[in-house]
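Listed below are the residues making up each chain.
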Amino acid sequence: MRQGQIKLDDRDVKILTILQREGRIPKATLAERVNLTPTPCWERLKRLEDAGIIESYGAQISLRAFGPLTIVFVQIELQSHQAEDFANFEAAIMANEQIVECWAVGGGIDYMLKVVTRDLEAYQALIEGLLAAQVGVKRYYSYVVTMPVKNAPLPVNALLGEPV
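As a starting point, this report considers the structure included with it. (Residues numbered from 1 in each chain as written. Predicted model: local features only at pLDDT ≥ 70, side-chain atom pairs only at ≥ 80, totals over all residues. Heavy atoms only, no water.)

Quick notes on the pattern of salt bridges
If you walk through the whole model with that rule in mind, you get 8 salt bridges. Here Lys46 and Asp50 are joined by a salt bridge, their closest N and O atoms 3.1 Å apart. With a gap of 4 residues between them, Lys46 and Asp50 both fall in helix H3 (residues 38–50), about one helical turn apart. On the accessibility criterion, Asp50 (57% relative accessible area) is exposed. Here Glu101 and Lys114 are joined by a salt bridge, their closest N and O atoms 4.0 Å apart. Taken together, the positions of Glu101 in strand S2 (residues 99–104) and Lys114 in strand S3 (residues 111–117) put the pair 13 residues apart, joining distant regions of the chain. (Salt bridge = Lys/Arg side-chain N within 4 Å of Asp/Glu carboxyl O. Helix = DSSP H or I, 4+ residues; strand = E, 2+ residues; numbered from the N terminus. Buried < 20%, exposed > 50% of the residue type's maximum accessible area, 1.4 Å probe, protein only.)

Some details on the sheet that holds S3
With respect to topology, 4 strands assemble into an open sheet ordered S2-S3-S1-S4, the strand pairing being antiparallel. Only two strands of the sheet have a single partner each, and these edge strands are S2 and strand S4 (137–144). Going across the sheet, the axis of each strand differs from the next one's by a mean of 20 degrees, ignoring polarity. Both strand S1 (residues 70–78) and S3 contribute to a ladder of 7 bridges, which runs antiparallel. What sits directly across from Gln75, in S3, is Met112. Each of S1, S2, S3 and S4 touches helix H5 (residues 120–132); the most contacted strand, S4, lies at about 165 degrees to it. (Pairing = 2+ DSSP bridges. Axes fitted to C-alpha atoms, helices over the stretch in contact; angles between N-to-C directions. Contact = heavy atoms within 4.5 Å.)

Comments concerning the pairing of S2
The pairing of S2 with S3 spans 5 bridges and is classified as antiparallel. Pairing of Trp103 across the sheet is with Met112, part of S3. Hairpin remark: S2 followed by S3, antiparallel, with 6 residues in the connecting loop; positive phi at Gly107, about 105 degrees.

Okay, here's the thing in structure tokens:
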């Protein structure tokens, strides 16, 4: 546990684990499942929110509901590595809603993107637009997802160093 973080006990971990899988669970049901009365459960939930451990609540949208889609992971290498180059590239990424995730990484590339588009033609248009915007892309590598295999919530116990 890092300095400044709150200490999580078994019930906190159970609350987090349940909420990741069932975000709309009624508070009374959550309290029952973690073996607490509603008020102490609510207080724990509020403490987890106030500490920033629970950042937000949201719906997990089924991509299949939108018909066939294309998901592409993209490795990006920038031409230059000055602070303003990173800032310009990141601003362009933030402005594009089809780029749903962007991670700055080390090890030979600068960024890893997750792109969700209607099809490969839309993906190609996105890349061409990114290149035309001259935001410093030196090269990119595209990896088209052929089948999702795993999309799991965070392993709270493992992240705390506890046995799984």
